[in-house]
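Listed here are the chains, written in short residue letters.
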Amino acid sequence: MTQRTLVAALSGLLILTTACGKKAEPTVTPAPAVRPTATNTDSIARARADSIRAEEARRAEELRRAAAEAEAARAALVNELAETIHFDYDQYTISSSDQQLLDRKAAIMRANPALRMRVTGHADERGSDEYNLALGMRRATAAKAYLSGRGVDAGRVEVASLGREVPIDPSSNEAAWARNRRDEFEIIAGGQSLVRPN
Amino acid sequence: MKRLIGMAALVLILSAPLTAQDGVRTGISYGPPGVRPGIAVVAAPGLDSVRTIIERDLGFSDRFEVIFLPDSATRLSGPPPLGVYRVLGALQVVELQLASGGIEVKLHDVPKSAVVQQGVRLMDRSGVGDGRLAIHRVSDEIVSWVTGAPGIAATRILVKLERGDRTDDGIWRVDSDGANLTRVSRTGGITQSPVWHPDGNRVAFTEMRDHVGTIILQSLSTGTRVTIPTTTSGLNYSAAISPDGTKMAFAKSVEEGTDIYEVNLANMCCAHRLTTVGRLADNLSPTYSPDGRRIAFISTRGGQPGLYVMDADGSGQTPMVFEADPKASSQAPEWSPDGTKIIFHRDLAGGRQINVLDVGRRTVRALTNTGRNEDPSWAPDSRHVVFKSNRGGRDQLWVLDIESGSMRQISTPGGARVPAWSPPLSMATP
């Protein structure tokens, strides 16, 4: 950019800002030193500035969209990580459909080495409260063992049990009991940004 | 007290014909065999609250036929009209009179028209709050005077309450008659596994916060809380305190499994593991025999949870209940204060019922058959048990007299679970 065009561009910007600042005033005294060709330069500069701003807005929008997409992707991964698995009555064997859920969790954990999780086992209301605490621990440990078997370092998964204390559904029927016999998965570290596994 | 028993024994010898059908009654006069003695409680004006509590306690002892009469008929203006009560079938009449700072209690033997026991007892006569305990003690004295057996009125029950909004969740205590519900644990968090210290003043329970279950030993009189060492990591619960108060056994659930540990309460140290098969099975719910030499517990080493007994040092672990059905299970044992029985709940073909094991004979008997019945606890008379049942539509505490089969509900707001019945509460207890 030559010095002249820079000056022109700057003066154009100056006029532009002045014009913007004094929108209410109908007449603007033209600067005497400005020749007719300078008007062309002004309009070019204005167009140029407009296009820069448009570009900036486009980029910002693109960034926003990319961020939203990334967040949606992250949220999808978080949802996959958080998906509960369920157990048969008084059992802690992981069903084949839940194995698929755990396979996916393991893949996400392998792709995100900073990720650490807590698995909390829950039981339905039947049985002694104390036995249900032990059973919940078995259920949590079963999921952890499965994840370890899929290449997730054991140190990245904590286990806990809440027994029958925190039901999803407090009703006393088979459907409620089935929902309550579960492992919950919670991210305890490294969930701020997540990479989708290949 | 010796003199009282002597006097009762003397009356026993004099009264004929005698039918000592259950071998425990050393009382005054008996009615027909198999029929519980009739008893009535009468009181001077101003003692209606005291009389009502004692009358109900005598009923809850399941050792009498209590003759209930309207207040107006039980209010005394002179000596009790024993003739009337004789017609109603009373063998004993309890007379309550005002005395300075309390009441005077007289026990009338109706057939003999004689006062056979009497004494002044200091108490708050309002019948509300913790002062009710002194009234319950009078009830127990009457039971003891008439039957020679200890009463269970001056006791309390710990219970985990669960109300819909969780604001009042926690460990509470309630008098044996279901009144005077009072919070024990702090608000917030999840609590579990309440149990009494044999001193009747301290209680232990688990507080679950941030995925750690810590066992707290709390004094009811001062509110002082002590954290049991080694329970600040992992999930620690199902505490039991040895009858001499020196040791606590509890279950610790960690990734490797659940095992029973024991800690020395006297110097708060030296936790050590009593069961050693955690990787293969869960071991939990310890309960001491009254001589402190053995511990009954639950183990899944045979597949389903089953009832086992070991020596208090962890040696000699032996199954106590053999199940023909591989799906059957036993949970939540508690050794009776007299040492002869273990109460627990058993799951046979999907129904959970309270069962009792005769420790000597190794025989098991079901005590309930309605609804889901779990987590039983013995009264100090080794005859009454409290447990959780959904027979009324929601989880509530029920008290069963295993001799007569009589059943009563302890009504609490919300759901009630994991009851623990106290030892007899001494005069020192507030």
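Residues numbered from 1 in each chain as written. Chains lettered and ligands numbered in written order. Predicted model: local features only at pLDDT ≥ 70, side-chain atom pairs only at ≥ 80, totals over all residues. Heavy atoms only, no water.

This next bit is on the packing of aromatic side chains. Residues and elements named next belong to chain B. Throughout the structure, instances matching the rule amount to 2 aromatic pairs over all chains. Considering the side-chain rings of Phe250 and Tyr261, the 6.2 Å spacing of their centres and the 20 degrees angle between planes classify their relative orientation as stacked. Here Phe250 is found in strand S14 (residues 247-254), whereas its partner Tyr261 is found in strand S15 (residues 257-264), with 11 residues between them in sequence. No difference in accessibility class separates Phe250 from Tyr261, as the two residues are buried. Its end group placed over the ring of Tyr308, Arg301 keeps NZ or CZ at 5.0 Å from the ring centre. (Phe/Tyr/Trp six-rings, centres within 6.5 Å; stacked < 30°, edge-to-face > 60°. Helix = DSSP H or I, 4+ residues; strand = E, 2+ residues; numbered from the N terminus. Buried < 20%, exposed > 50% of the residue type's maximum accessible area, 1.4 Å probe, protein only. Lys NZ or Arg CZ within 6 Å of the ring centre and 35° of its normal.)

Residues and elements named next belong to chain B. Along its 13 residues, helix H2 (residues 48-60) runs 18 Å from first to last C-alpha, staying within 8% of the 18 Å computed at 1.5 Å per residue. By the burial criterion, the buried members of H2 are Asp48, Val50, Arg51, Ile53, Ile54, Glu55, Asp57 and Leu58. In the stretch just after H2, Asp62 is the one whose phi turns positive, near 60 degrees. (Expected span 1.5 Å × (residues − 1).)

Moving on, we come to the pattern of salt bridges. Within the structure shown, the criterion is met by 48 salt bridges over all chains. A salt bridge links Arg126 of chain A to Asp124 of chain A, with the nearest nitrogen and oxygen atoms 2.8 Å apart. As far as the burial class goes, Arg126 of chain A and Asp124 of chain A line up, both buried. Two residues, Arg164 of chain A and Asp395 of chain B, come together in a salt bridge whose shortest N-O distance is 3.9 Å. (Salt bridge = Lys/Arg side-chain N within 4 Å of Asp/Glu carboxyl O.)

Attention now goes to the pairing of strand S22 (residues 341-348) of chain B. Residues and elements named next belong to chain B. The element S22 is largely enclosed, with a buried count of 7 among its 8 residues. One ladder, built from 5 bridges, connects strand S21 (residues 329-335) with S22; its direction is antiparallel. Each bridged residue has a counterpart across the sheet, and for Ser329 the counterpart in S22 is Asp347. The hairpin turn running from S21 into S22, its antiparallel successor, is 5 residues long, and Gly339 in that turn takes a positive phi close to 85 degrees. Summarising the sheet, S22 and strand S23 (residues 351-358) pair through 8 bridges and their orientation is antiparallel. Residue pairing across strands places Ile342 opposite Leu357, the latter belonging to S23. (Pairing = 2+ DSSP bridges.)

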